[in-house]
Amino acid sequence: MAYRFKKQIFGFLDLIRFSKVVDVRRAKLAEGSAAPLPNDYRVNLTARILHPGNRKAVLTDIIKESADTKTYVFDLGVKMLFRAGQYVTLSAKVGDSYVSRPYAVSSSPYTALKEGKVALTVKKAGYFSDWLFDNAEIGAEFAVNGPSGYFHYESLKDRPLIVGIAGGSAITPFYSMAQALAEGSEDFRLVLFYGARTAEDILFKDKLDALTSDKFKVVYVLSDEENTAYEHGFVTADLIRKYVDEEFTAMMCGPDAMYSFLVKELATLGVSGKFVKKEANGAGVRDVKPAVYKLTVHIRDEVYEIPANAEETLLVAMERAGLHIPAMCRAGGCGYCHSKLVKGKFSIAGDDKRRLADAKFSYIHPCCSYPDSDIELIVPPQNVK
Ligand code: FES
């Protein structure tokens, strides 16, 4: 409560008024409403919908999409607001380790908002995805964090036409976008070039075809199979020019080699870097001489000493040791694993994308940092609701 104290011409009047301050405040407090404060303010509710944090997710359905790919449907128990193209981080206890991976949502924004459900389509191609493919059962409990990521249409920055380029199983964010365009939760036009080895490797073919409209078109490109019903080879500048004759923003999701090739192809079409968006890929195993270092990890008051393989990121070392570490993108982009380096040498996968202050004050992202010596880290704790 603000009490305005106006300075008087005669100083003694100020003293008299000052002596009444307590009484005036008591009177003002007595005038206040006795109704208890609300438990939830609207702004807090909105913040919780936008940033719901780590929460439980029950696996309610498993759909086999191909010989090595399944869609897992999770019930979050609460509605989730996300932009088509974003990812969530799925976590589970695998053996003695707590493992998490980011997966693009393959279902539509309306389904998440109305039913509190998200679908993740995952190819069997790694530690966690193999475990999911072979072991996940309906009814099992997982944790989901997010949504996160910037791989979505941005009306202020992107051109109204998006040229999407998907490589293999990286079709999932575009499938979500195609559904969002059909249901009206996103508003742009999308021409999707979908590269696969053979026709059999194309995921969601019937569903994508059914979603085509004046806002969404799809061009299938097979690299290993000649078939008159499809384009053959790779997505190139010439192929894009064949289907697109106006300015566009390019969005790519696939392996790094595909990005390197396409950035050059797009440059020949006059598409500059600011109109090219690439979904980040997580740091994998690096090719170095095998070595095992000592990694000392501080999480709140606990201290752990664990081994760290030179080929693997510090995050993987901590997960292998069963530590519960916050992580979402696993590519140095979200800052969720941001940790203080106390001592030790490390290398970063790809470019050093840290802020200048992080580099100056020794903060690193364990998700994309490899040990080059014994390391000591202070890591933020992970919370699971
Ligand atoms: S998990 Fe995103 S920066 Fe490390």
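Residues numbered from 1 in each chain as written. Predicted model: local features only at pLDDT ≥ 70, side-chain atom pairs only at ≥ 80, totals over all residues. Heavy atoms only, no water.

1. With respect to the overall build of the protein
Item 1. Per the secondary structure count, the protein includes 11 helices and 19 strands.
Item 2. Principal axes of the C-alpha set define a box for the protein whose edges measure 100 × 55 × 45 Å.
Item 3. The proportion of buried residues among the 385 residues of the protein is 45%.
Item 4. For the protein, long-range pairs separated by at least 24 residues make up 68% of all intrachain contacts whose partners lie at least 6 apart in sequence.
Item 5. Split by element, the accessible area of the protein, about 20,800 Å² in all, is 53% carbon and sulfur.
Item 6. When the 50 basic and 48 acidic side-chain charges of the protein are each reduced to a single mean position, those positions are 11 Å apart. (Helix = DSSP H or I, 4+ residues; strand = E, 2+ residues; numbered from the N terminus. Buried < 20%, exposed > 50% of the residue type's maximum accessible area, 1.4 Å probe, protein only. Contact = heavy atoms within 4.5 Å. Areas by Shrake-Rupley, 256 points an atom, 1.4 Å probe, with all protein chains shown as cover. Lys, Arg positive; Asp, Glu negative; His and termini not counted. Charge placed at Lys NZ, Arg CZ, Asp CG, Glu CD.)

2. Brief notes about the pairing of strand S13 (residues 292-299)
Side chains on a regular strand alternate between the two faces of the sheet.
Item 1. Note: S13 against strand S14 (residues 302-309), eight bridges, orientation antiparallel. Bridging from a neighbouring strand, His-298 pairs with Val-303 of S14.
Item 2. Joining the antiparallel neighbours S13 and S14 is a turn of two residues, in which Arg-300 adopts a positive phi near 50 degrees.
Item 3. Note: S13 against strand S19 (residues 375-378), four bridges, orientation parallel. Within S19, the position partnered with Val-297 by the bridge is Leu-377. (Pairing = 2+ DSSP bridges.)

3. Describing unusual backbone geometry
Across residues other than glycine, the phi torsion is negative in most instances, and most of the peptide bonds are trans.
Item 1. Residues Gly-146 and Pro-147 are joined by a peptide bond in cis, for which omega reads 20 degrees.
Item 2. In this fold, Pro-147 is placed in strand S6 (residues 141-148).
Item 3. At Phe-204, a residue that is not glycine, the phi angle is positive and equals roughly 60 degrees.
Item 4. Structurally, the position occupied by Phe-204 is in the loop between strand S8 (189-196) and helix H7 (205-211).
Item 5. Notably, Arg-330 is not glycine yet its phi reads approximately 60 degrees, a positive angle.
Item 6. In this structure, Arg-330 sits in the loop between helix H10 (314-320) and strand S15 (339-343).

4. Regarding the sheet that holds S15
Item 1. Taken in spatial order, the five strands of this open sheet run S14-S13-S19-S15-S17, and their pairing is mixed. Pairing within the sheet leaves two strands with one partner each, and these edge strands are S14 and strand S17 (363-364).
Item 2. Pairing between S15 and S19: three bridges, direction antiparallel. Each bridged residue has a counterpart across the sheet, and for Lys-340 the counterpart in S19 is Ile-378.

5. Considerations on the domain arrangement of the protein
Item 1. Domain boundaries assigned for the protein yield domain 1 (47-148), domain 2 (161-278) and domain 3 (292-378).
Item 2. A C-alpha centroid distance of 24 Å is found between domain 1 and domain 2.
Item 3. Overall, the association of domain 1 and domain 2 removes approximately 1,200 Å² of surface from exposure, summing both partners, and the carbon and sulfur fraction of that is 58%.
Item 4. The three residues of domain 1 that bury the most area against domain 2 are Ala-84, Ser-106 and Tyr-110, which together make up 34% of that side's buried surface.
Item 5. Here domain 1 and domain 2 share one salt bridge between them.
Item 6. For Glu-186, the salt bridge goes to Arg-83, with nearest N and O atoms at 2.8 Å.
Item 7. The tally of links from domain 1 across to domain 2 stands at six residue pairs in polar contact (both at pLDDT 80 or more).
Item 8. Of the residues assigned to the side of domain 1 that touches domain 2, the class counts are six nonpolar, eight polar and three charged. (Domains from an automatic or database assignment. Buried area = accessible area lost by both parts, 1.4 Å probe. Salt bridge = Lys/Arg side-chain N within 4 Å of Asp/Glu carboxyl O. Polar contact = N/O pair within 3.5 Å; in protein donor to acceptor, adjacent residues only side chain to side chain. Nonpolar A, V, L, I, M, F, W, Y, C, P; charged D, E, K, R; others polar.)

6. Some remarks on the pattern of salt bridges
Item 1. This structure, assessed with the given rule, holds 19 salt bridges.
Item 2. The shortest N-O distance in the salt bridge between Glu-246 and Arg-189 comes to 3.1 Å. Taken as a pair, Glu-246 in the loop between helix H8 (237-243) and strand S11 (249-253) and Arg-189 in strand S8 lie far apart in primary sequence, 57 residues in all.
Item 3. Overall, Arg-189 belongs to the partly exposed group, its relative accessible area being 31%.
Item 4. In this structure, a network of salt bridges that share partners links the residues Arg-101, Glu-319 and Arg-330.

7. Concerning the packing of aromatic side chains
Item 1. Counted according to the given criterion, the structure contains 10 aromatic pairs.
Item 2. An angle of 5 degrees between the planes, with centres 5.9 Å apart, marks the rings of Phe-128 and Trp-131 as stacked. With Phe-128 and Trp-131 both in helix H5 (residues 127-135), this residue pair falls three residues apart, about one helical turn.
Item 3. Trp-131 gets classed as partly exposed once you look at its relative accessible area, which sits at 22%.
Item 4. Seen from their ring centres, Trp-131 and Phe-142 are 6.2 Å apart, and the 65 degrees between their planes marks the pair as edge-to-face. In this pair, Trp-131 sits in helix H5 while Phe-142 sits in strand S6, placing the two residues 11 residues apart along the sequence.
Item 5. Three or more aromatic residues link up through ring pairs in this structure, and these residues are Phe-74, Tyr-103, Phe-128, Trp-131 and Phe-142. (Phe/Tyr/Trp six-rings, centres within 6.5 Å; stacked < 30°, edge-to-face > 60°.)

8. Quick notes on the environment of Ser-223
Item 1. Inspection of the secondary structure assignment puts Ser-223 in the loop between strand S9 (216-222) and strand S10 (231-232).
Item 2. On the basis of relative accessible area, Ser-223 is assigned to the partly exposed category, the value being 22%.
Item 3. When the C-alpha positions of Ser-223 and Gly-195 are compared, they lie 7.2 Å apart, and in sequence the two are 28 residues distant.
Item 4. Sequence-distant contacts of Ser-223, defined by excluding residues within four places in its chain, comprise Ala-196, Arg-197, His-232, Gly-233 and Phe-234.

9. Here we look at a nonpolar patch on the surface
Item 1. A cluster of nonpolar side chains, namely Ile-9, Phe-10, Phe-12 and Ile-16, defines an oily patch on the protein surface of about 480 Å² accessible area.
Item 2. Following the sequence through the fold, Phe-10 ends up in the segment before helix H1 (11-19). (Patch = residues over 30% accessible without salt bridge, like charges linked within 9 Å, V, L, I, M, F, W, Y side chains within 5 Å.)

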